[in-house]
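Reading the structure
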Amino acid sequence: MRKGSAAVQQSARPTLSLIEKVGIGVLLGLLAAVLVGGPVKPVHATQARPTLDNNYYVRTTSSYTLQQLGLADGKRDSAGYQALIILDFGAQTTDGSTAVETGTYTPISNFQIRDMAQNFAIGYLAGGGWNLRLGIGTNNSRLPDQGTYGNYGTVWNTAVVAQIRSWMAGQGYSQWIQVEGANDIESWSGTGDGAHPTDDWANNYSIAGGSIYYNFGSADGCPYGTYDNRTGCSYGWAQADYYGVAWGYPAAFAVPEIYYYCTYCQWAMISGYGQYYTSTGGIHFTGPVDDHFLEPPAYTAADAWSLLWNTLNGDFLPANMTYETEMHVAS
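It should be emphasised that the depicted structure is a prediction, and the values quoted were computed from it without experimental measurement.

Rules used in this analysis
- Residues numbered from 1 in each chain as written.
- Predicted model: local features only at pLDDT ≥ 70, side-chain atom pairs only at ≥ 80, totals over all residues.
- Heavy atoms only, no water.
- Axes fitted to C-alpha atoms, helices over the stretch in contact; angles between N-to-C directions.
- Helix = DSSP H or I, 4+ residues; strand = E, 2+ residues; numbered from the N terminus.
- Left-handed = near helix turned anticlockwise from the far one by under 90°.
- Contact = heavy atoms within 4.5 Å.
- Nonpolar A, V, L, I, M, F, W, Y, C, P; charged D, E, K, R; others polar.
- Buried < 20%, exposed > 50% of the residue type's maximum accessible area, 1.4 Å probe, protein only.
- Pairing = 2+ DSSP bridges.
- Patch = residues over 30% accessible without salt bridge, like charges linked within 9 Å, V, L, I, M, F, W, Y side chains within 5 Å.
- Areas by Shrake-Rupley, 256 points an atom, 1.4 Å probe, with all protein chains shown as cover.
- Salt bridge = Lys/Arg side-chain N within 4 Å of Asp/Glu carboxyl O.
- Phe/Tyr/Trp six-rings, centres within 6.5 Å; stacked < 30°, edge-to-face > 60°.
- 1 Å grid on protein atoms, 1.4 Å probe; cavity = no way out; pocket = protein on both sides within 12 Å on 5 of 7 lines; lining within 4 Å.
- Points joined across faces, edges and corners; volume = space filled by probe spheres on them.
- pLDDT = per-residue confidence, 0-100.

1. Remarks on the packing of helix H4 (residues 63-76) against helix H5 (residues 110-126)
- Remark: H4 packs on H5, axes separated minimally by 6 Å, with the N-to-C direction vectors making an angle of 30°. The two elements H4 and H5 meet at a crossing, and its hand is right-handed. The residues of H5 that touch H4, namely those facing Ser63, Leu66, Gln67, Leu69, Gly70, Leu71, Asp73 and Gly74, are Asp115, Met116, Asn119, Phe120, Ile122, Gly123, Tyr124 and Ala126.
- Residues that form the contact of H4 with H5 fall into these classes: 8 nonpolar, 6 polar and 2 charged.

Set out below in structure tokens:
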């Protein structure tokens, strides 16, 4: 990998819970290795699906709308189970100090993003929710030149995510809501630099420290049945690139899009690449995201979960997932 490789920065990787970051299968595999005196394939216990969480493409600048959505989700989550909700505010623009609403291309400031996210949190707590990981999301669809987009990673971490997290702490909300970053990363032709600009974004976000980010994107054009990084993906991307921005960088966690035919195969192969060719190993997926609510032909949440889990488990890859999410629209 290029600069900021996982091999160099692995010690800096933030951790979630033991199950989220290690997984029961890996723990059993390590124990077996000790007992038999050598490496063995991990064993995965059958896992029940978690409760489905909502993610949102934010197509509004109304903090009241976000507060009402938070209220509804908080009521749903009032039993206190672990929830993951990602608010996708769209692509960063200019110098990274503004974003563009998904679907409307209306510029919104980082101040507006912070205000909407904070109001979502206020509504969530008012509804009775109290165990939430809140992802503050962007995407990589509007790429500037390679040398600039890396700086956007720093901006998203320090001027958006860290500011919202600081506000949460000041309000005394941090014990109930953990704020993280998020990025809907996909293969974009953009500047013709392939994955390099997005790779730099992930590296700079990681260097900025203090927060992880969830990659809730796709693996466009990646192979369904090989993991040796020899078959390219779309627009000059490779399996190694997707692996890096989904798991290889210290801040990266994976919530992959499992929408249509064999997208789960693509992500399993990317994890297989990591398992057999990198020092950081296979991807411990946080959980899948589906699009069935917005596009009914897409996989249902149950299908997305079972197809990804069964494929990972069948390929002896890390398969313990904590969350399951579905895309909705906030408008």
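2. Observations regarding the pairing of strand S10 (residues 324-330)
- The element S10 is largely enclosed, with a buried count of 6 among its 7 residues.
- Of the pairings in the sheet, the one linking strand S1 (residues 52-58) to S10 comprises 7 bridges and is parallel in character. Looking at the pairing, Leu52 lines up with Glu324 of S10.
- Direction of pairing for strand S9 (residues 289-290) relative to S10: parallel, over a ladder of 2 bridges. Within S10, the residue paired with Asp290 across the bridge is Glu326.

3. Quick word on a nonpolar patch on the surface
- Side chains of Tyr224, Tyr260 and Tyr261 sit close together on the surface and give an oily, nonpolar patch of about 360 Å² of accessible area.
- Relative to the assigned elements, Tyr261 resides in the loop between strand S8 (252-254) and helix H9 (263-277).

4. Regarding the packing of aromatic side chains
- Scanning the model with the defined rule gives 18 aromatic pairs in all.
- Plain terms: the ring middles of Tyr227 and Tyr276 are 5.2 Å apart, the flat faces sit at 25° to each other, and that makes the pair stacked. On the criterion of sequence distance, the pair formed by Tyr227 in the loop between strand S7 (213-215) and helix H8 (239-248) and Tyr276 in helix H9 is long-range, its members being 49 residues apart.
- Classification of Tyr227 as partly exposed rests on a relative accessible area of 32%.
- Put simply, the rings of Tyr227, Tyr243, Tyr273, Tyr276 and Tyr277 touch in pairs and so form one group of aromatic residues.

5. Looking at the pattern of salt bridges
- Applying the stated rule across the entire model yields 6 salt bridges.
- Residue Arg76 pairs with Asp77 through a salt bridge whose shortest N-O separation is 2.6 Å.
- The exposure class of Asp77 is buried, given its relative accessible area of 0%.
- Here the residues in one salt-bridge network are Asp53, Asp73, Arg76 and Asp77, joined through shared partners.

6. Considering the layout of surface pockets
- Size it by volume and the second largest pocket reaches roughly 230 Å³.
- Residues of the lining of the second largest pocket, tallied by class, amount to 5 nonpolar, 5 polar and 5 charged.

7. Considering the confidence of the model for the protein chain
- Here the protein chain averages 87 in pLDDT, while 84% of its residues score no lower than 70.
- With pLDDT under 50 throughout, residues 1-43 is counted as low confidence; its partners more than four residues away or in other chains account for 74 contacts.

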